[in-house]
Every structure is written in C-alpha cells, then in structure tokens.
2 protein chains.
Amino acid sequence: MRILLKNGTVINVFTGETEQAHVLIEDEKIIGVGDSYTDEDAREVRDVQGKYICPGFMDGHIHIESSMLTPPEFARAVIAHGTTSVVADPHEIANVCGKAGIRYMLEASENIPMTIYIMLPSCVSATRFDESGAVLVAEDLESFYSHPRVLGLAEVMDYPGVIAEDKEILKKIRAAREHGLTVNGHAPLLSGKKLDQYIAAGIGDDHECSSAEEARERIRKGQRVMIRQGTAAQNLQALLPLFEEPWAHRCLLVSDDKHPADLLKKGHIDDAIRQAVRAGKNPITGIRMATLWAAECFGLRNVGATAPGYMADLLVLDDLAKIKIRDVYCRGRRVVENGWLLPWQESHIRPDLDRAVRNSFHLDALSEDDFHIPYFGVHMCRVIRLIARQLITEEWDADIDFQKDNGIDLERDILKIAVVERHKRTGHKGLGFICGTGMKQGAAASSVAHDSHNLILIGTNERDMALAGNRVREMGGGCTVALNGEIISEMPLPIGGVMSDCSAAAVADQNERLRQSVHLLGVPQELELFMSMAFVSLPVIPHMKMTTRGLVDVNNQKLVSLKCD
Amino acid sequence: MRILLKNGTVINVFTGETEQAHVLIEDEKIIGVGDSYTDEDAREVRDVQGKYICPGFMDGHIHIESSMLTPPEFARAVIAHGTTSVVADPHEIANVCGKAGIRYMLEASENIPMTIYIMLPSCVSATRFDESGAVLVAEDLESFYSHPRVLGLAEVMDYPGVIAEDKEILKKIRAAREHGLTVNGHAPLLSGKKLDQYIAAGIGDDHECSSAEEARERIRKGQRVMIRQGTAAQNLQALLPLFEEPWAHRCLLVSDDKHPADLLKKGHIDDAIRQAVRAGKNPITGIRMATLWAAECFGLRNVGATAPGYMADLLVLDDLAKIKIRDVYCRGRRVVENGWLLPWQESHIRPDLDRAVRNSFHLDALSEDDFHIPYFGVHMCRVIRLIARQLITEEWDADIDFQKDNGIDLERDILKIAVVERHKRTGHKGLGFICGTGMKQGAAASSVAHDSHNLILIGTNERDMALAGNRVREMGGGCTVALNGEIISEMPLPIGGVMSDCSAAAVADQNERLRQSVHLLGVPQELELFMSMAFVSLPVIPHMKMTTRGLVDVNNQKLVSLKCD
C-alpha cells in the first residue's frame, strides 16, 4: 500500500539541508522523495502542511532492563518520543538467564512498532567474584550472530582484559568482527597507549566519555563517540562541543540507562536533542546524530534517512527547535498520530521462554537466623559507607559490638547488609555492615543488583530483612520495603528479577511509592536507596562492595574478611 | 614485528586535522598513533622527519582489464602512485570466461602487496544481442559472496531492467544486500522519479555523474558519488564543486578504465587528487575521498585511516599539495622506498585456472572468403560512421557497389567491418561497412570488443583482414595490424583475449607501436582506432553497432539488415 506524505519540509541527514518535498512510502519502505509526486502516485495522501519530516530516532546504546520494562512496554513508553529503533544490550537479563535471556529479548521485541536491535553481552559474568545465573563464553554467543537484529558485541567493559590480551575476551571480539559486525566499547578515562591497545583490538566506539577532550581523542583514533544522556549518567553538557564539525558526524546519542518516570516525563533521545538546542546547538545536527550517524555506527545501510530505499521510520514535527513530535511512522505504519499512541496487536512470547525468564529465583525461604553473624564480643570491622548520588562506596573501619543487636547500631547509622545468592541455591551469602543510608526502622530488599542480580538486603533488624527478602523471593524478583513485620510497599519484577510485566506508568508509580516508603524508614530524600543498593554488589566500582562471597576490596580485587584483624 | 614511523605529520582522515605523531605498526596493522611512543616500542625505527603520513589510496571502481594488465602487473604499475587497494569489477574477463574469470582475478590478486577487492559483475552478458563467452545468473554469483575480498555487486548498468522490475536483476541486487554488501550503480543522467526507483531497489552509488547538479541529486537521495577520472571518461573538472561539504564526505575517487601508458605517465588516484589541488581544492579533502570515505562506501571497517586497528596501508609524502609519494606501506610492509618499487615474490596461479583463461579462443581459421558479402549489384546499405573521440556511432545510408571490391570503396572511406563469434565456434558473424577511419591500406583486428569480446576486424581488403584475424586467433587474443600480407605490429592478450601477461611498460610500448602502425595505414593521429573498435560492437551505446548477429539499431534495440530496403 502506498502512502504519500505531501508538502513536507524534509530534513536531509546526508547534507543537513531542508527541502520542500513529498515523501512516498510503499509498505515498509520509502520509495520516493521529491516535488514531482502527485496524489495519483498513492492510495492514501496525507498533507503534512509544510511541517518538518525527519527520520525516526535511534538510541545507540541502552539496557532496556534499566527501565524495568519489557520490550513492548518500553516501546510504548518511548515511541511517542520519536524513538523508532534502539540498540539494546541485554546484559542484565543475560546475567540472570544466560542465552534464554537473550532469546527472550529477541522474541519479546518481535512485531512491535519499533526495531530493537541487540548487541550480544560481552561480559557475563562481569567479574570473577560474581555469582551470576549464567556465564556466556564466545561459543554461546555464536548462534545469535545469524539473527538479523543482532548487530555485534556489546560494551566490552573488561578493558584491562583486552589490554592484557585475555584470550576469551579477544575471541569474542574477533568473532563479532569476523561476522562483519561492530564491537561497542566501555573504557572511561582510558587514554594514550592503553587506549590505542584497546581500540586496536577492534573496539569501535565508547559511551563513557565525560569530557570533550576525552571524546576528541577517541574520534581522532577512529572511534565513534556515543553522547550519553541517561537518568543517572549525563554527559551531554560536557560534550556539547561535539555538536560542531569535525566531531559531530562521528557522534551518536544514547541513553544507556533510563528510568521509566524519566522516560515518561522528560522523554528519550528527543530530550537529548532538545537539551542541546537549548544550549545553542543546531537541532539538525542533533537529528543527524540520532539517525544517519547512529545507523552508520552499526553499518546499517537502510535505516536513518528520508531517502529512497530506506525504512519508512519517519517523524512529522510540529516544531523543529522543540523537537515536538506530531506523528511517528515505523516501518511505514503510523503508530503515533497528533501525539497519541495508536494501538497495535501484541505478539505472544513462547510459553517455554516465558517460563525460563519468569522462574529465575532459586532460593529457599529465609529466616532471621540467615542474617545472624556468628561473632561474639567487640571487633573492628569493615563497614561499607554509601555516598549519596555516587556509585562509589568507601570503607569505614569501626568497632562493632556483636553482643548488642548482632552489631546493628542505629545511633551510628550502622545497618546490616546481605547479598544472598539466588540463582542456583548454593547457599552462598555475604553478610556485613553498611552506613550512610539513614534508615531508622524496617528493611529493604531488591533483586536489582548489578551485574549478577542476586538478592540484596539492607535492614535495621533481621526480622524485617527476612520478611522483605522472602517477599522478593515469592514475587520471583522485585523490590520490597518491610516495616514492623509488614510489607509496606513492593514492586514485582518477575521477569528475571529485573523487569516488570506492567506498563511504564504502573512501574513509575510503584517506583514512586517505594521511594516514599523508604523515606518513611528514615532514609533522606536525597538518597535513592534502591539505585544505591543496585550498585553495592558490583565489584568493578571502587572501593568496598558486598558480594555473595563476602566483602570485596575493589582496588586490590580481592575478597577481604569482615573483621579487620 | 614492530616498526615505528617516527616524527610524522599524520593526516587525520576522521577530522581533517594534521598532527605531529609517531605511528606504530605491528605486522599488518597499525597499533598506535601518538606522541608517546619511543624507539623502545619497536624493533625497527624509521624517522620520516616531519613528512606527511596518510592512508594508502583506494580506487573505488575499476576494470583492471582496461589496463590490459594482469592483477600483479597492474599492482606494479600503480603501487608507486600510492594505490594500496582497488575495488575491481572483472566484467570483461567474466564476459569471456564466466565464473573462471572471476576466480582467476581473485586468485591472481592473492599475495600481492595491494588489496584487490572484487565486485561481482551484474550484467554478464550485457545485452540480449551479445554472444558472450558466459552468462552469469544470480545463482552463479552466490558462491563468491563468502570470499573475504568480495564486497558486493558491480555496476548495475541495466537500469531500465531495474525500473521495469526485471526479476533476474532484482534477484542479484537482493542477494548482495542480504549478504550485507553494497551494490554499485551505473545510470548516467537518470533523475527524479526514475532515479528514486533505481535507488530504492538498493543501488548505493554511481560513477557516471557528469555534472555537479546531477551528483548533488544523488547525494541528497543517499547515494555516494564516485568521481571518475579515467583515460577516456573524465568527470573531475565538472565535479570539482563536490570537493566542498556537505558533499565531499559522500564522494570517492575512481578511475573506471585507465590505460597502461596513462597509469605510468600520469598516475592513478594520486593524479586525480593533484588535479583537484591544481584547481584550488584542499589536498586533504581529496585524500579523505581516496581513503576513509571510499572504505565507508563498501562498509570496510579497518581500511582507509591512520588509526589503531587499521590496516597498515600507509603513504609517506614528500609534498602534500603535489601528492609526491616517497614511501608506500601495504599491510605493514614497505613496498615503495623513496619512490622505488621494491621487489616481492610472486605467487603462482593454479595451472587449471590459468589454462581456463588462456584458452578462450574457440574459432576455426579464417579465410578471405569469410569476409565476402554475397550480394551482387548496387544496394543502398547501412554504413556505421565512426566519430573521433566519441563512443557513439552514426548510421549513414550509402549506395554500395558489390561488383567492385565487394563494396569496399577507399575513395569514400568505406571499409569492411566484421564481428566474428569466437567463444563457442558458432560460426556466427556480422559483416558490413564502416566509414570514418581514414584507413587506406591493410587491416586491423582485435579481441577487445566490449562487452562480449568477440573478434572485431576492420580492413581495406579481405586478405589482410583474414591475416590480422588469424594472428589474433593464434595468439589466443590481442590486437594486430596487417599490411600487404604481413603482420606489421601486434599486442598479444592471451588472458581471456583481454589481458597481456607482460609488464605495464611492455604493454604501453606495444600499444604505442600499434598506434604508429595504424597511422601507417592512413588512420589520422586524432583517431584511437583500437579504442574506437572496442566500442563498435557494444549495442548499448547509440546509434548503429555491429554484433555477431549483424547490425543493431541501438535506439530501437533491434537487429537490422545490411541493406536498407
């Protein structure tokens, strides 16, 4: 079926020009752009009355799991913001469910009015301390390369491994390159000779640049730079100089991690362009980064432009500078009309795959005793100190009196922390102390704990900890807050323990209630407790982290005992 | 083995900047670029004393057969001009030898210090009138796609077929695209809706643009433009406006067809850049077209830049504006030093493959009688009229008196022309008359006759025609000039009847002797007889051509009789 979008002001992403033109679409594709098309060329004619037409936006690097939404619900949240494709790294679900997690993401993103490309997670598990649900070696990834939506190998976080020529990681990189595909980088602050080594191994881009100078070095050395504007990590302001040539054409826009409330309220890639425009940059430069230049990064030949033969992923804009999106076309089909999302028919996930990702909790019920630390008397212990708005933690060595509440000391803000292995019923757990939360009562538990997503708990007493943890276990994953023997709020994340099966609005709402109930426990407003908890067990971020095997001294990359002596 | 090129002025093709830096090479690859490398990083250190370092040049579209050289000899002719890779369309040898021709080009370009990429010929045979040595359908091409040096489908000349949705040509295009590869275009002067249809079918570029306006339309519609500067077709002057943004980054430099003397005397891609510089353009823009932007056209991720991980195809320039090339590195190995080509070890072609392309002449010996036209009396006949310096020919209807020399009339410059099928001993031949050569005695014969490369002969008498033709037959292909029963000059082209097995200098020399002896026959200096003859049997160029089936009225695409009545 042929549709003519008549009287558009077409943004040409190849040249940066705008031109008055009609756009002819046949089925999924654009087949003509120019002023010589007439109503007779199409079965349906839509007059856009001079409004801007540009290609749909692509997010070049995102972990959909960070939105806590399934791919279809994620699509529902971002399509009206003009996102018609994303390149997703299913790192979280793969850490929980392995290959089944990747298959789930591929299948759950079939038949939605958005294209979800997949990069294969390169670092599952992330570190040797991690007890994840799965380990993916190069051979495990191989079968996925034949899938048409698989575009390469996802962020190679293990840059020390690359530089040290670790065989397994080099094998994964080589495989992607031999398939003619790209390999995403992740190497914050790497520079000079070490950066050369990392890039020479075959790493095509980076999304961790936090200064224009860092980004310029990457571009000069052939990498493309992904300008990241997510919920937590925001690099756009620092990277505004890249919105000029000779840098701009080697850049794309990505979100990395974005929370549902943020997606709903502020937007997605459209918001990144808007922020650049507010800072004085040309909106067309932002649009080119979000379309053609993103597609080029991944070697996609027919996505990201309004030109013959290209996928008909198109936006009609009411306003260019404000990136006000009126209509969205995805693969030739209008999915947003006058700002309103149109309905589409869901496809069904294969029941066996659905079961595989839904039943990821393998853990026996917890009791108060599980959180008891079998020490007596007073000992100098390593306490993890949280820092508001930061992912890094510090070590604080404090005298702990185990005779009194097994060491919990609310006056000194010393709470108990536990990380419980929950994938394979190993019984492994790490127990210790944490300060800096301000919590005065109750407990919180969560299965969102990077990168292995074991069960993490923080509490003022073992009874509420056990209650909060058991509720997460019953839900098959999620976040809970317990107070005085009752669950006062919860967010079920039954899919791999990291994703909800609810809508973005529902998840945003549950998340807000969790926040409020956490503050009831005494946690100050400025601390995002669940976000902080999500990084307390990730032993690649300095300085002191808790894992299922106990405390990890990140700087020295070794397990350390709770007691200092 | 590690080599350090010390103290370079490195041309950065990503940004257009130049920077003072050292370049570290390990085996085939560049592994570092920067100012922090020292002599200790390499086993061998070469101080380039501030000279410019840029990537080796790539010719994005060439028919190596037009140089009449084998791939190794072609490499010998162009490497000192800085060409480290070419994208070749083996259209001519494929028309003669089919798949064996493509295999020969792939194998003959192994282990030479230059990378010869191959595009698979899309139009073998070229037209329905052609009696070529082979026909290649989509299935024939399939097996070649797995070869790492095959980059896609070569120029789709049959643009009417694409627009008319001819199934066979669309199948070939689809196959290339499904392999993730590119498809080259060839559609001179196509514009507007028809151009949209052609591009939408999946055609990524064009090398036939003869005006900047034509090229701009292509770029706006997503094609890349190949700026052609060959021996016959030269579009650089007309396309000079493309050496500025926003056009330049969508352009590359190609030669299409280039003769050996031209390659030796003037150069190759280096000369195209030089000419642009002389016209006031920035040499770095030319270098970017000849390197990174060419590689991008073909989706090559590690060719065309001086950056970590890229192939160590590098040039050291004595002078930037003059593109004076001092040293050439190909895959990390220095192959030109101080302007001198260094020797390398030849690899051997498989004997069976060599035999397959060497024995392409299947034709019985010719006699005078073979050129006799069995008419009596005087008839109005269609005579082909050659036009100096043009490929088009005209029809001249003239009274021919067959009683006198079987129609040959030197006073009116009416000679005999014959095109003899020589691939399959079919005995097919076209006989007729040609004017415009000025030849007063003798005859000339050639097996270089686009696109089917049958035996073409022009002569003042049948005896010399048979002699010239039989000599070509004995040589297994080539060009000859006969006078008074003697061969007065010849150029053997034993490989498919289109390529020599001699060096570029020898071929250029033979070619010059052929030219001189043709003038002995009376042909004026301004007429390149053998080049004109090469296009007299190509029934896609207007207006009147001779084929093995007889005269073709190109405009009406039909066979016509010699006699007008």
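Data block above holds the structure.
My aim in this report is to walk through the structure given alongside it, one point at a time. Because the structure is predicted, anything quoted here is derived from the model rather than measured.

Conventions adopted
Residues numbered from 1 in each chain as written. Chains lettered and ligands numbered in written order. Predicted model: local features only at pLDDT ≥ 70, side-chain atom pairs only at ≥ 80, totals over all residues. Heavy atoms only, no water. Helix = DSSP H or I, 4+ residues; strand = E, 2+ residues; numbered from the N terminus. Rg over C-alpha atoms; globule rule 2.2 N^0.38 Å. Buried < 20%, exposed > 50% of the residue type's maximum accessible area, 1.4 Å probe, protein only. Contact = heavy atoms within 4.5 Å. Lys, Arg positive; Asp, Glu negative; His and termini not counted. Charge placed at Lys NZ, Arg CZ, Asp CG, Glu CD. Pairing = 2+ DSSP bridges. Axes fitted to C-alpha atoms, helices over the stretch in contact; angles between N-to-C directions. Parallel < 35°, antiparallel > 145°, perpendicular 65-115°, else oblique. Left-handed = near helix turned anticlockwise from the far one by under 90°. Nonpolar A, V, L, I, M, F, W, Y, C, P; charged D, E, K, R; others polar. Buried area = accessible area lost by both parts, 1.4 Å probe. Salt bridge = Lys/Arg side-chain N within 4 Å of Asp/Glu carboxyl O. Polar contact = N/O pair within 3.5 Å; in protein donor to acceptor, adjacent residues only side chain to side chain. Least-squares fit on C-alpha atoms with pLDDT ≥ 70 in both. Right-handed = clockwise from strand over helix to strand, strands pointing away. 1 Å grid on protein atoms, 1.4 Å probe; cavity = no way out; pocket = protein on both sides within 12 Å on 5 of 7 lines; lining within 4 Å. Points joined across faces, edges and corners; volume = space filled by probe spheres on them.

Further remarks concern the overall build of chain A. Helix and strand counts for chain A come out as 16 helices and 28 strands. Taken over C-alpha atoms, the radius of gyration comes to 25 Å for chain A, in line with the 24 Å a tight globule of 565 residues would show. Within chain A, the fraction of its 565 residues that count as buried is 63%. Across chain A, every contact between residues at least 6 apart in sequence was considered, and the portion connecting residues at least 24 apart equals 68%. Once the 62 positive and 79 negative side-chain charges of chain A are each reduced to a mean point, those two points are 1 Å apart.

Turning to the sheet that holds strand 8 (residues 115-120) of chain B, a few remarks are in order. All names here are of chain B. Reading across the sheet, the 5 strands line up as 6-7-8-9-10 and stay open at both edges, with parallel pairing between neighbours. With one partner strand each, in any of the chains shown, strand 6 (57-62) and strand 10 (182-185) form the two edges of the open sheet. Strand-to-strand twist in this sheet, taken as the mean axis angle between neighbours without regard to direction, amounts to 30°. Each of strand 9 (150-156) and strand 10 touches helix 6 (residues 167-178); the most contacted strand, strand 9, lies at about 150° to it.

Right, let's talk about unusual backbone geometry for a bit. All names here are of chain A. Omega for the bond connecting valine 124 with serine 125 falls within 30 degrees of zero, at 0°, which places this linkage in the cis form. Residue placement: serine 125 occurs in the loop between strand 8 (115-120) and helix 4 (138-142). The omega angle of the peptide bond from histidine 450 to aspartate 451 is -15°, so this bond is cis rather than trans. Checked against the element boundaries, aspartate 451 lands in the loop between strand 22 (443-446) and strand 23 (455-459). The residue aspartate 256 is not glycine, and still its phi comes out positive at about 70°. With respect to the helices, strands and loops of the structure, aspartate 256 is situated in the loop between strand 13 (251-254) and helix 9 (260-265).

Right, let's get into the packing of helix 3 (residues 99-108) of chain B against helix 13 (residues 351-358) of chain B. All names here are of chain B. Packing of helix 3 against helix 13 leaves a shortest axis separation of 9 Å and a crossing angle of 125°. Considering the angle they form, helix 3 stands oblique to helix 13. Relative to helix 13, the crossing made by helix 3 is left-handed. In this structure, helix 3 contributes Ala100, Gly101, Arg103, Tyr104 and Glu107 to the contact, and helix 13 contributes Leu353, Asp354, Ala356 and Val357. Considered class by class, the residues forming the contact of helix 3 with helix 13 number 5 nonpolar, 1 polar and 3 charged.

Right, let's talk about the interface of chain A and chain B for a bit. Reports of interface size often rely on the accessible area that becomes lost once the parts have come together. Every contact between the two is made by 40 residues of chain A and, on the other side, 40 residues of chain B. For the pairing of chain A and chain B, the buried interface totals around 3,000 Å² over both sides, and the portion due to carbon and sulfur atoms is 46%. Interface area lost by chain A to chain B is led by Lys193, Arg220 and Arg301 of chain A, which between them contribute 22%. Our count for the contact surface shared by chain A and chain B stands at 6 salt bridges. Arginine 250 of chain B is the partner of glutamate 296 of chain A in a salt bridge, and the nearest nitrogen-oxygen pair spans 3.4 Å. Counting across the chain A and chain B interface gives 15 residue pairs in polar contact (both at pLDDT 80 or more). Broken down by secondary-structure element, the contributors of at least two residues to the side of chain A that touches chain B are strand 3 (29-34), helix 7 (192-200), helix 8 (212-220) and helix 12 (292-297) of chain A. Per-element accounting of the side of chain A that touches chain B gives the leading share, 5 residues, to helix 7 of chain A. Residue classes in the side of chain A that touches chain B are distributed as 15 nonpolar, 12 polar and 13 charged.

Attention shifts here to the relation of the copies chain A and chain B. For the pair chain A and chain B, the relating rotation is 180°, the translation along its axis is 0.0 Å, and the fit reaches an RMSD of 0.1 Å. On this basis, the relationship between the two copies can be described by a two-fold rotation axis. Relative to the rotation axis, the closest C-alpha in chain A is found at glycine 299 of chain A, a distance of 3.3 Å. A high fraction, 98%, of the interface residues of chain A reappear at the interface in chain B, so the copies pair face to face through one surface.

In this section: the pairing of strand 6 of chain B. Residues and elements named next belong to chain B. Within strand 6, 6 of the 6 residues are buried, which leaves it mostly tucked inside the rest of the structure. In terms of strand pairing, strand 6 meets strand 7 (residues 83-88) through 4 bridges, oriented parallel. From the neighbouring strand, aspartate 59 faces strand 7, where its bridge partner is valine 86. Following the chain from strand 6 across helix 1 (residues 71-78) to the adjacent parallel strand 7, one finds a crossover that is right-handed.

Let us now look at the pattern of salt bridges. All names here are of chain B. If you walk through the whole model with that rule in mind, you get 88 salt bridges over all chains. A salt bridge links glutamate 208 to arginine 228, with the nearest nitrogen and oxygen atoms 2.9 Å apart. Of this pair, glutamate 208 sits in the loop between strand 11 (205-206) and helix 8 (212-220) while arginine 228 sits in strand 12 (residues 224-228), placing them 20 residues apart in sequence. For the pair glutamate 208 and arginine 228, a shared accessibility class is recorded, and that class is buried.

What follows concerns empty space enclosed by the protein. By the definition in use, this model includes 8 cavities of 30 Å³ or more. Of the volumes computed, that of the largest cavity is approximately 100 Å³. Along its surface, the largest cavity is lined by Arg224, His249, Arg250, Leu292, Trp293 and Glu296 of chain A together with His249, Arg250, Leu292, Trp293 and Glu296 of chain B. Counting only elements with at least two residues in the lining of the largest cavity, the list comes to helix 12 of chain A together with helix 12 (292-297) of chain B. For the lining of the largest cavity, the residue count by class is 4 nonpolar, 2 polar and 5 charged. Empty space within the second largest cavity amounts to approximately 70 Å³. Along its surface, the second largest cavity is lined by 13 residues, and Asp130, Val419, Ser452, Asn454 and Ser537 of chain A are the ones closest to its centre. A class-by-class count of the residues in the lining of the second largest cavity yields 3 nonpolar, 7 polar and 3 charged.

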